[in-house]
Structure formats: structure tokens, C-alpha cells
Amino acid sequence: MKKIILTLTLILFSFITITAQNWETDFTLAKDMAFKEHKPIILVFQGSDWCGPCIKLDHEIWSTDAFRKYANKNYVMLQADFPKRKKNALPEAQTKANAKLAEAYNKNGFFPFVVVLNAKGEVLGETSYKKTTPENYIKEINAFTK
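Owing to the predicted nature of the structure, the values given are computational and were not obtained by experimental measurement. (Residues numbered from 1 in each chain as written. Predicted model: local features only at pLDDT ≥ 70, side-chain atom pairs only at ≥ 80, totals over all residues. Heavy atoms only, no water.)

Asker: So what about the packing of aromatic side chains? Which residues, and what values?
Answerer: Evaluated as defined, the whole model comprises 10 aromatic pairs. Measuring from ring centre to ring centre gives 5.5 Å for Phe-82 and Phe-111, while their planes differ by 75 degrees; the resulting arrangement is edge-to-face. A residue pair is termed long-range when its members are at least 10 positions apart, and Phe-82 in the loop between β3 (76–81) and α5 (92–105) and Phe-111 in the loop between α5 and β4 (113–117) qualify at 29 residues. Looking at Phe-111, the relative accessible area reads 25%, which means it is partly exposed. Against the face of Trp-50 rests Lys-84, its NZ or CZ located 4.2 Å from the ring centre. (Phe/Tyr/Trp six-rings, centres within 6.5 Å; stacked < 30°, edge-to-face > 60°. Helix = DSSP H or I, 4+ residues; strand = E, 2+ residues; numbered from the N terminus. Buried < 20%, exposed > 50% of the residue type's maximum accessible area, 1.4 Å probe, protein only. Lys NZ or Arg CZ within 6 Å of the ring centre and 35° of its normal.)

Asker: Describe in detail the nonpolar core, supporting the description with residues and values.
Answerer: If you look at the biggest cluster of nonpolar residues, it comprises 15 residues, and the most contacted ones within it are Leu-43, Phe-45, Leu-101 and Tyr-105. Only α2 (27–37), β2 (41–46), β3, α5 and β4 provide two or more residues apiece to this core. The contact partners of Tyr-105, leaving out residues within four places of it in the chain, are Phe-27, Leu-43, Phe-45, Phe-113, Val-115, Leu-117, Gly-121 and Val-123. Within the second largest apolar cluster, 14 residues are counted, among which are Val-44, Ala-71, Met-77 and Val-114. (Core = buried A, V, L, I, M, F, W, Y, C linked by side-chain atoms within 4.5 Å. Contact = heavy atoms within 4.5 Å.)

Asker: Mind laying out the pairing of strand β5 (residues 123–127), listing which residues take part and the relevant values?
Answerer: As paired elements, β4 and β5 share four bridges and run antiparallel to each other. Among the inter-strand pairings, Leu-117 is bridged to a residue of β5, identified as Val-123. Hairpin connection from β4 to β5: five residues lie between these consecutive antiparallel strands, with Gly-121 at a positive phi of about 90 degrees. (Pairing = 2+ DSSP bridges.)

Asker: Could you give an account of the sheet that holds β3, naming the residues involved and the relevant values?
Answerer: Taken in spatial order, the five strands of this open sheet run β1-β3-β2-β4-β5, and their pairing is mixed. The open sheet has two edge strands with one neighbour each: β1 (23–24) and β5. Alignment of β2 against β3, held across six bridges, turns out to be parallel. Paired with Ile-42 across the bridge in β3 is Met-77. This element, α5, spans β2, β3, β4 and β5 of the sheet and lies at about 105 degrees to β2. (Axes fitted to C-alpha atoms, helices over the stretch in contact; angles between N-to-C directions.)

Asker: Break down the side chain of Glu-24 for me, with residues and values.
Answerer: Inspection of the secondary structure puts Glu-24 in strand β1. Of the side chains with opposite charge, Lys-39 comes closest to the buried, unpaired Glu-24, at an N-O distance of 9.5 Å. Contact partners of Glu-24, with chain neighbours within four places excluded, come to Leu-29, Ala-30, Met-33, Val-76, Met-77, Leu-78 and Gln-79. (Lys, Arg positive; Asp, Glu negative; His and termini not counted. Salt bridge = Lys/Arg side-chain N within 4 Å of Asp/Glu carboxyl O.)

Asker: An account of the pattern of salt bridges is needed here, citing residue identities and associated values.
Answerer: Inspection of the entire model under this criterion finds five salt bridges. In this structure, Lys-131 and Glu-60 form a salt bridge, with 3.6 Å as the shortest nitrogen-oxygen distance. Taken as a pair, Lys-131 in the loop between β5 and α6 (134–144) and Glu-60 in helix α3 (residues 52–62) lie far apart in primary sequence, 71 residues in all. Note that Asp-65 and Arg-68 form a salt bridge whose closest N and O atoms lie 3.8 Å from each other. Taken together, the residues span about one helical turn, with Asp-65 and Arg-68 both in helix α4 (residues 65–74) at a distance of three residues. Accessibility expressed as a relative area gives 46% for Asp-65, which makes it partly exposed.

Shape descriptors only; they carry no functional weight alone.
Next comes the structure, spelled out in C-alpha cells:
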């Protein structure tokens, strides 16, 4: 019985890991990956624990199977989170790195704010939350890379 439970747990964990969105938090690493894999970067500025539209964007787009599968093959996903609750606080180095990204790419402080970049870090396009399907969101983001 223990072997069956252990096996099922491992299978479930593997499935979750395979279907999970791969979010990077290091800009240099994201650029290196984008260069090596010939992919654009989707940089997302969000307030994961306070911003309603950010939470909706996560649930309606980023967390969907359709978007995850597409993004894993076609993009490097980079997250710059700005949580407000103490329990969700990021390490100081990550907070500083996110602030530096915001200085460069989100000077107006919009949330959520989605910036599509090339591997050099040059802006290809910008968008935000929209009430749409993952497929239409993918089309919009892809239009920036043409």
C-alpha cells in the first residue's frame, strides 16, 4: 500500500512539475536563456498578493494549460513581483533586482505590466491585463515579435 501511495505521489509531482510555468526571476539568466534558445522574453510586473488585475491575469492567462504549453516552447518567462504582505516578502536582493527592472521597463509603475523583450533586453511591445482568452493573448504577444 505504501508503495502505491508513493508511486502515485511521484507521478502527480512529476505531472505538476511538467505542466508548471517556468518563471525566471533573474534578468541576466533570462537574457542568456533567450539568446541560447532563440526566444523572446515576457517580463511581467505584478503585485501577486494585492493587485486584482494581476491575480486575474495569472488565473485567466498564465496558469492555463494552453498558455503554459505555448510559453514553455516559445518564450522565456521573467517575473518581477512586488508583494506587499510581510509573509510574501521577497529576499532583499530580489526586491532590489525587481526595482532595477522597474526603473528600466516600468517607469510609470503600472500593474500588471507585460513587456516583451528580445534577448538583448530591447522592448518589442507592451501590454497589460485584458479580459480575453489565452489563445488571443498569445496572438497579441506574438504580434510584438514579428
